[in-house]
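Structural overview
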Amino acid sequence: MPVLDQAFVTLATNDTYCQGALVLGQSLRTQRATRKLVVLITSQVSSLLRVILSKVFDEVIEVNLMDSADYIHLAFLKRPELGVTLTKLHCWTLTHYSKCVFLDADTLVLSNIDELFDRAEFSAAPDPGWPDCFNSGVFVFQPSLETHGLLLRHAVDHGSFDGADQGLLNSFFSSWSTADIHKHLPFIYNLSSNTAYTYSPAFKRFGSSAKVVHFLGPTKPWNYKYNPQTGSVLEDGSGLGTQHQTSFLNLWWTVYQHSVLPLYESFRDAGEHVAPGHATGVGEPCAESAGSSQPWEAEGPSEEPVVTEDVPPSPKGCRSEDVDLAVSVFEISIEEKVKAPSPEEERRHWEEGRIDYMGKDAFARIQEKLDRFLQ
Ligand SMILES: O=c1ccn([C@@H]2O[C@H](COP(=O)(O)OP(=O)(O)O[C@H]3O[C@H](CO)[C@@H](O)[C@H](O)[C@H]3O)[C@@H](O)[C@H]2O)c(=O)[nH]1
Ligand SMILES: [Mn+2]
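Everything numeric here is computed off the predicted structure, so don't read it as measured data.

Let's shift gears to the packing of aromatic side chains. Summed over the entire model, instances satisfying the criterion amount to 19 aromatic pairs. Between W92 and F122, the ring centres sit 6.4 Å apart and the planes meet at 10 degrees, which makes this aromatic pair stacked. Placement of the pair is W92 in the loop between helix 4 (83–89) and strand 4 (99–103) and F122 in the loop between strand 5 (107–109) and strand 6 (123–127), with a sequence separation of 30 residues. The exposure classification of W92 matches that of F122, with both residues buried. With a centroid separation of 4.9 Å and 85 degrees between ring planes, the pair formed by F172 and F173 is classed as edge-to-face. Given a relative accessible area of 14%, F173 falls into the buried group.

Now the structure itself:
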């Protein structure tokens, strides 16, 4: 029986993390999750990805980084690195649910985990790097505006010892490591794909009961390229890690290929119109002209896009501004588009002390500018 007042919640602040959220959402559906699926997004997420997310998630909720009380707003402006952290904390505002399970967008669910709803706030699994801290990639929580406010206050008053949500949540829920063993989720609910195997006999013994894999760390599954014919990620020269790591990566990509890519495809083929005022907050309807509204650029001989002279330019908002999906018979890749920062962003970086000493802010470049100005 579906439970309507409880939810699995994730977060994706941009189109790249949306790819992870989609794999996570589809893996929860495949495992017959009986709770609602919710994704929090920010204004950066494109209209296309909002539509696609809404096919998998029951609720796509846009949260504003700056909608908290003014003193918090001002304090956070001085601590911009806490931005994504503040966004994760928004999950406590989902007060139309009585209890939720948060999952990072870089997690993959391997079997049904509905039993997590038997746990109380705040339950989480140990962090593999420092097991007296919990990892904030999977946790059970109870939405509450009061807790949300206290968390923001805590962030402003004490900051975060790792500059992100995990440090903040660990210092806020500081009794986690000692107070109540029921709040320690077994490691199988947050098995880190890259560190778990430092204790390989344990992995041999218990690895097969893993329920949630977490691709924590700087390199995410979507940073690899995948060969759909062999069903495996492509070696990029830096080494793929252990066999287990590779098989979890391959699993992520299998879900991507079979359960996420078709969502884009049906969007393209059906030329589906998105009504203005759609529940997800998607604005303008997307045109369905051949080629121009394809969400990805096809590569290789089999899927050469037919581009004719009279095809109108792609309507803004219909495609992802951040991500290029390249799909061919032999390779699927998700490339982040490198965007040049706007003059406002550059100025903000400068003011925040994030100066590109070796690059565009190098002394030689500034001197060139001065010379040009003085001539
Ligand atoms: O640009 C970003 C970055 C992060 N996220 C979301 O925030 C989560 C955490 O970021 P992630 O890149 O997954 O961090 P991890 O590599 O998992 O690193 C660890 O450190 C993070 C910061 O403390 C914690 O949030 C994680 O749970 C913890 O596992 C992601 O999964 C997303 O849901 C975004 O939406 N956009
Ligand atoms: Mn993560």
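Moving on, we come to the coordination of the manganese ion (ligand 2). D104 (OD), D106 (OD), D106 (OD) and H214 (NE2) make up the full set of protein donors to the manganese ion (ligand 2), lying at 2.2 to 2.4 Å. The coordination sphere of the manganese ion (ligand 2) comprises six donor atoms, whose angles at the metal cover 56 to 171 degrees; the geometry is irregular. In primary sequence terms, the donor set of the manganese ion (ligand 2) follows D-x1-D-x107-H. With a gap of 108 residues between them, D106 in the loop between strand 4 and strand 5 and H214 in strand 9 (residues 212–214) connect regions that are remote in the sequence. As far as burial versus exposure is concerned, D106 and H214 are alike and both buried.

Moving on, we come to the site of ligand 1. Around ligand 1, the surrounding shell holds 21 residues, and the nearest of these are L11, T13, Y17, D165 and G217. Contact distances for ligand 1 include 2.6 Å between an oxygen atom and a side-chain N or O atom of Y17. Contact with the protein chains covers 83% of the free accessible surface of ligand 1, which is 640 Å². Elements that contribute at least two residues to the shell around ligand 1 include exactly strand 1 (3–12), helix 4, strand 7 (130–141) and helix 6 (165–172). Top element by residues in the shell around ligand 1 is strand 7. It accounts for three residues. Residue composition of the shell around ligand 1, by class: seven nonpolar, eight polar and six charged.

On to the packing of helix 1 (residues 15–30) against helix 2 (residues 47–56), then. Across the interface, helix 1 lies against helix 2 with an axial gap of 9 Å and an inter-helix angle of 15 degrees. By the angle class used here, helix 1 and helix 2 are roughly parallel. Handedness of the helix 1/helix 2 crossing: left-handed. Judged by residue contacts, D15, C18, Q19, A21, L22, G25, Q26 and R29 of helix 1 engage L49, I52, L53 and V56 from helix 2.

We now examine the packing of helix 5 (residues 145–158) against helix 6. One way to put it is that helix 5 packs onto helix 6 with a least axis distance of 10 Å and a crossing angle of 110 degrees. In terms of axis orientation, helix 5 runs roughly perpendicular to helix 6. Handedness of the crossing formed by helix 5 with helix 6: right-handed. Contact residues: helix 5 offers T147, L150, L151, H154 and A155, while helix 6 offers L168, L169, S171 and F172. Of the residues assigned to the contact of helix 5 with helix 6, the class counts are six nonpolar, three polar and no charged.

Another aspect to go through is the sheet that holds strand 7. What the six strands build is an open sheet, ordered 3-2-1-4-7-6; its pairing is mixed. At either end of the open sheet lies a strand with only one pairing partner, and these are strand 3 (59–62) and strand 6. Averaged over all neighbouring strand pairs, the angle between strand axes comes to 35 degrees, with direction disregarded. Inspection of the sheet shows strand 6 paired to strand 7 by four bridges, in the antiparallel sense. Looking at the pairing, A124 lines up with F139 of strand 7. The strands touched by helix 1 are strand 1, strand 2 (35–41) and strand 4; relative to strand 1, the strand with the most contacts, the crossing angle is about 150 degrees.

About the criteria used
Residues numbered from 1 in each chain as written. Chains lettered and ligands numbered in written order. Predicted model: local features only at pLDDT ≥ 70, side-chain atom pairs only at ≥ 80, totals over all residues. Heavy atoms only, no water. Phe/Tyr/Trp six-rings, centres within 6.5 Å; stacked < 30°, edge-to-face > 60°. Helix = DSSP H or I, 4+ residues; strand = E, 2+ residues; numbered from the N terminus. Buried < 20%, exposed > 50% of the residue type's maximum accessible area, 1.4 Å probe, protein only. Donors = N, O, S within 2.8 Å, 3.2 Å for Na, K, Ca; no water. Tetrahedral: all angles 85-135°; square planar, octahedral: opposite > 155°, others 65-115°. Near = heavy atom within 4 Å. Polar contact = N/O pair within 3.5 Å; in protein donor to acceptor, adjacent residues only side chain to side chain. Areas by Shrake-Rupley, 256 points an atom, 1.4 Å probe, with all protein chains shown as cover. Nonpolar A, V, L, I, M, F, W, Y, C, P; charged D, E, K, R; others polar. Axes fitted to C-alpha atoms, helices over the stretch in contact; angles between N-to-C directions. Parallel < 35°, antiparallel > 145°, perpendicular 65-115°, else oblique. Left-handed = near helix turned anticlockwise from the far one by under 90°. Contact = heavy atoms within 4.5 Å. Pairing = 2+ DSSP bridges.

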